[in-house]
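Structural description and commentary
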Amino acid sequence: MENLELLLHGFDVVLTWHHLMLMVVGVLLGILVGVLPGLGAPNGVSLLLPLTFAMDPVAAIILLTSMYWGALFGGSTTSILFNIPGEPSSVATTFDGYPMAKSGHAAQALTLAFMSAAIGALLGVVVITLLSSWVAKFALRFGSPEYFAVYFLAFASFIGLGGASPGKTIVSMGLGLAFATVGMDTISGSLRLTFGFSQLVSGISFLVAVIGLFGIGELLVTMEEGLRFDGLKARISPRAVMEAARMLPRYWLALLRSGSIGCWMGITPGGPTAASFMSYGLAQRFSSRRANFGKGEPEGIISPETADHAAGTSAMLPMLALGVPGSATSAVLLGGLMIWGLNPGPTLFTERPDFVWGLIASMYLGNLVAVALVLTTVPMFAAILRIPFSIIGPIIVVVCFIGAYTVANSTFDLWLAVAFGAAGYLFKKIDYPIAPLVLAMVLGDKAEDAFRQSMIMSRGSISIFWSNGLVATLCALGIVLLLWPVLGRMLRHAVPSRRPADALEE
Amino acid sequence: MTQAPTSAGNARHVTRLAAEVFGALLTLALSVAIALGARGDGIGWTAGGPEAGTFPFYVGVIVGVASLGNLVVAFRRADRATIFLDAVKAQRIAAFGIPLLLFVGASVLLGFYVATILYLTGVMRVQGRYRWITSIAVAFGCAAFFFVVLEVWFKVPLLKGPLESMLGIH
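Residues numbered from 1 in each chain as written. Chains lettered and ligands numbered in written order. Predicted model: local features only at pLDDT ≥ 70, side-chain atom pairs only at ≥ 80, totals over all residues.

1. So, the overall build of chain B
Counted only if it meets this: Numbering of helices and strands runs from the N terminus, with a helix taken as a DSSP run of H or I at least four residues long and a strand as a DSSP run of E at least two residues long. Using C-alpha atoms as the atom set, the radius of gyration is obtained and then compared with a globule rule of 2.2 Å times the number of residues to the power 0.38. Any residue whose C-beta has 12 or fewer other C-beta atoms within 10 Å is treated as exposed, any with 20 or more as buried, and any in between as partly exposed, C-beta atoms being built from the backbone. Remark: residues whose backbone-derived C-beta atoms lie within 7 Å of one another are considered to be in contact.
A count of helical and extended segments in chain B gives six helices and four strands. Reading the secondary structure of chain B in the N-to-C direction produces β-α-β-β-α-β-α-α-α-α. Radius of gyration (C-alpha) of chain B: 24 Å, far over the 15 Å computed for a compact globule of 170 residues. Dimensions of chain B, computed from the C-alpha atoms along their principal axes, are close to 60 × 60 × 25 Å. Buried positions account for 34% of the 170 residues belonging to chain B. Counting contacts in chain B only where the partners sit at least 6 residues apart, residues at least 24 apart contribute 55% of the total.

So this is what it looks like as structure tokens:
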């Protein structure tokens, strides 16, 4: 029960008024960016990150993770009330959430969503509590080849399981890796890929890329659709909350199943979006009330919400223990850790136990704070969406560019954000996944260092990647995942099954 | 976005096929730039291990191959039925994008605060059709809010222009 002791120590670190205040501020800002279309968790966190450069790392991570939880909740709110997912991962919640709200049960739909989301998140934190120090201990045995294999595995699983076209995923990821190499090379000290631009010497910040791709790009897509909100009124009474709470235990199986899917998809970098779709698909397949799905079935809200939050939370496990993030937002957080001077990965557990366990403890508290806050503030945030978008849109633009500027106080970054915004618009519309690009930008340097050090160890022989059982297993797994789109098709041809296509394969 | 609209049917629009091809060619061009740029940094082997350009060079090659693959897939699907962008949407993009570009340009020249006030006032007045007084009030309110939060609270200085230095605000 060593973990429990460490966790209690973590609570000791977290439970100060200062930290609780930051939690409240973070959650409220998170709900705000989650509710507003065009702002989501990844770029919300990116926008706030430059403001935390001078903060103590524990306080900074509490602020940013709380914002992440808040954004996840905010995304569900607009899905249910406006039929507009505030986050890609809450798309599946619109399927049953909006119909249920439309039929006059908005309060129940919201409460069900929030409560199952909280249960999912708590399941995720429990998994982190139980597994993280074990994973970190295991990972301490890793050398450079093993690390490169882990990165390879993470990249391969995006290609194999991500659901987007493999070719497009490879392009997106490769561009991310290439952007990461721009600027000063840390090993040889020479300049790379700067093409004579002195502004590129310090590299391209992933924060600017996220703000452009997710923020500006998303806004362009939203504006193009000629956004109109047809919101439903929401007033959450204590009675509706009680009613929904009484309904919840009936769905224990759905909660457990969705929670497990979420944890699995969060730890392997499938991400919250894939998790919520998969969970919805499975719930629909196994439910006895299948016909009611899409018409306001409670299980259709509970399943994606639980999985979404379980995945969002458990994505923090590989980020902390291995330094490999499981979602776009945790990739941004990982970048934040490095900026604050921390070294994410297994050594963090021994070097900064107060930080690691403070963070884990803050996840328990942060999610409880988030549920309480979101239940009480939903009407207020829903009202924000009634402000015409011709005001909100430009304000979001201003916020995005201020965020891009504060990263490095460089005006060049503003134009970079514009370029990334245009690319984000194009990518989004022709289905290039953006999360792999961000992941690759954050991990690029580390992946390259691991690769070069492995090459130095082996004097240029690639056989080092199957020189021992551990690294060979990791590489083999990676190759299987990489070839999964091909292998899967071959298997399906070999065994003609009646299995309907997974929700993932859409 | 930048390519000439094809004229299939009555309305001028860009098909999904055209957009896919444009995307693939764009990433192909980037991959060539990456690979060529990296080759200049050396892709061989030295005493200190692989040269600096090795990793980006192969990344560029992989992106190039995948771009060609995407190009082939796009032509095989030949999706001319789905409209990527039509006149109405293009107009909406322009109505949002052009003021955005002007805002960025103004920020670089005049600083963030002046640019924010001009941008918000302009967009609200012209596109939102709000009264002058409302537009200006919202714009100044926002600029003041950013000033308080960033400069006062978080001590993060934003880009300032000639107006601020005239007024002696740093």
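2. A short note on the overall build of chain A
Looking only at helices and strands, chain A features 21 helices and two strands. With the principal axes as the frame, chain A shows a C-alpha extent of 70 × 55 × 50 Å. Taking all 506 residues of chain A together, 62% fall into the buried category. Taking contacts inside chain A between residues at least 6 apart in sequence as the whole, the part at least 24 apart equals 79%.

3. Side note on the nonpolar core
Applied cut-off: By definition, a nonpolar core groups buried Ala, Val, Leu, Ile, Met, Phe, Trp, Tyr and Cys residues that are joined through C-beta atoms within 7 Å. An automatic or database domain assignment supplies the start and end points of every domain.
Counting residues in each nonpolar core, the largest one holds 215 residues, and the members touching the most others are Tyr151 and Val438 of chain A. No other element matches helix α5 (residues 91-139) of chain A, which puts 23 residues into this core. The residues that make up this core include at least three from each of domain 1 (13-81) and domain 2 (94-167) of chain B. Among residues more than four places away in sequence, those in contact with Val438 of chain A are Pro42, Gly176, Phe206, Ala209, Val210, Ala328 and Ala331 of chain A.

4. As for helix α12 (residues 298-314) of chain A
Here is the rule we go by: Here the expected length of a helix is defined as 1.5 Å per residue gap, with one fewer gap than residues.
End to end, α12 of chain A covers 24 Å across 17 residues, agreeing with the expected 24 Å (1.5 Å per residue, within 8%). The buried count for α12 of chain A comes to 17 of 17 residues, which makes it a mostly enclosed element.

5. As for the interface of chain B and chain A
How big an interface is tends to be reported as the loss of accessible area on association of its parts. As a reminder of what qualifies: Throughout, the ten residues Ala, Val, Leu, Ile, Met, Phe, Trp, Tyr, Cys and Pro are labelled nonpolar, Asp, Glu, Lys and Arg are labelled charged, and all others, Gly among them, are labelled polar.
Opposite the 54 residues of chain B that make contact, chain A presents 48 residues. Taken together, the elements giving at least two residues each to the side of chain B that touches chain A come down to α1 (16-40), β3 (49-50), α2 (54-77), α3 (87-110), α4 (112-127) and α5 (132-153) of chain B. Of the residues assigned to the side of chain B that touches chain A, the class counts are 35 nonpolar, 15 polar and four charged.

6. Focus on the packing of helix α4 (residues 57-82) of chain A against helix α16 (residues 353-384) of chain A
All names here are of chain A. Short version of the rule: What counts as an axis is a line fitted to C-alpha atoms, over the stretch in contact for a helix, and the angles between N-to-C directions run from 0 to 180 degrees. Put simply, a crossing is left-handed when the front helix is turned counterclockwise from the back one by less than a right angle, and right-handed when it is turned clockwise.
Where α4 meets α16, the closest approach of the two axes is 8 Å, and the angle between their N-to-C directions is 35°. Handedness of the α4/α16 crossing: right-handed. In the contact of α4 with α16, the residues fall into 15 nonpolar, nine polar and one charged.

7. Regarding the packing of helix α14 (residues 328-339) of chain A against helix α19 (residues 435-458) of chain A
Residue and element names in this part refer to chain A. Heads up, the rule is: Angles below 35 degrees are treated as roughly parallel, those above 145 as roughly antiparallel, those between 65 and 115 as roughly perpendicular, and all remaining angles as oblique.
Viewed as axis vectors pointing N to C, α14 and α19 meet at an angle of 20°, and their least axial separation amounts to 9 Å. For the element pair α14 / α19, the angle class is roughly parallel. With respect to the hand of their crossing, α14 and α19 are arranged in left-handed fashion. Where α14 abuts α19, its residues Ala328, Ala331, Leu334 and Gly335 lie against Ala435, Val438, Leu439 and Val442. Class assignment of the residues belonging to the contact of α14 with α19 gives a composition of seven nonpolar, one polar and no charged.

8. Thoughts on the environment of Pro433 of chain A
Residue and element names in this part refer to chain A. Mapped onto the elements of the fold, Pro433 is located in the loop between α18 (412-429) and α19. Residue Pro433 is classed as buried on the basis of its C-beta count, with 24 C-beta atoms lying within 10 Å. In this structure, the C-alpha to C-alpha distance between Pro433 and Val208, residues 225 residues apart in sequence, is 17 Å.

9. Section: the domain arrangement of chain B
Its domain assignment divides chain B into domain 1 (13-81) and domain 2 (94-167). Between domain 1 of chain B and domain 2 of chain B, the C-alpha centre-to-centre distance is 39 Å.

10. Let's talk about the confidence of the model for chain A
All names here are of chain A. Note the cut-off: Per residue, pLDDT measures the predictor's confidence, with a range of 0 to 100.
In the predicted model, chain A carries a mean pLDDT of 86, and 95% of its residues have values of at least 70. Mean pLDDT across the elements of chain A bottoms out in helix α21 (residues 484-494) (78) and peaks in α18 (95). pLDDT under 50 marks residues 497-506. Its contacts with residues more than four places away, or in other chains, come to 13 contacts.

11. Focus: the confidence of the model for chain B
All names here are of chain B. Of the residues in chain B, 93% reach a pLDDT of 70 or more, and the chain-wide mean stands at 88. Taken as a whole, residues 1-10 scores under 50 in pLDDT and shows 14 contacts with residues more than four places along the chain or in a different chain. Per the prediction output, this complex has pTM 0.85; the corresponding ipTM is 0.91.

12. Examining unusual backbone geometry
All names here are of chain A. In this structure, Phe195 takes a positive phi of about 50° despite not being glycine. Tracing the sequence through the fold places Phe195 in the loop between β2 (191-192) and α8 (206-224). The phi angle at Asn409 is positive, at roughly 50°, despite the residue not being glycine. Considering the arrangement of structural elements, one finds Asn409 in the loop between α17 (389-408) and α18.

13. Comments concerning the environment of Thr273 of chain A
Residues and elements named next belong to chain A. Turning to its location among the elements, Thr273 is positioned in helix α11 (residues 271-286). In the structure, Thr273 is positioned 183 residues away from Ser90 in sequence and 7.2 Å away in space, judged by C-alpha atoms. Each residue touching Thr273, except ones within four places of it in the same chain, is listed here: Pro88 and Ser89.

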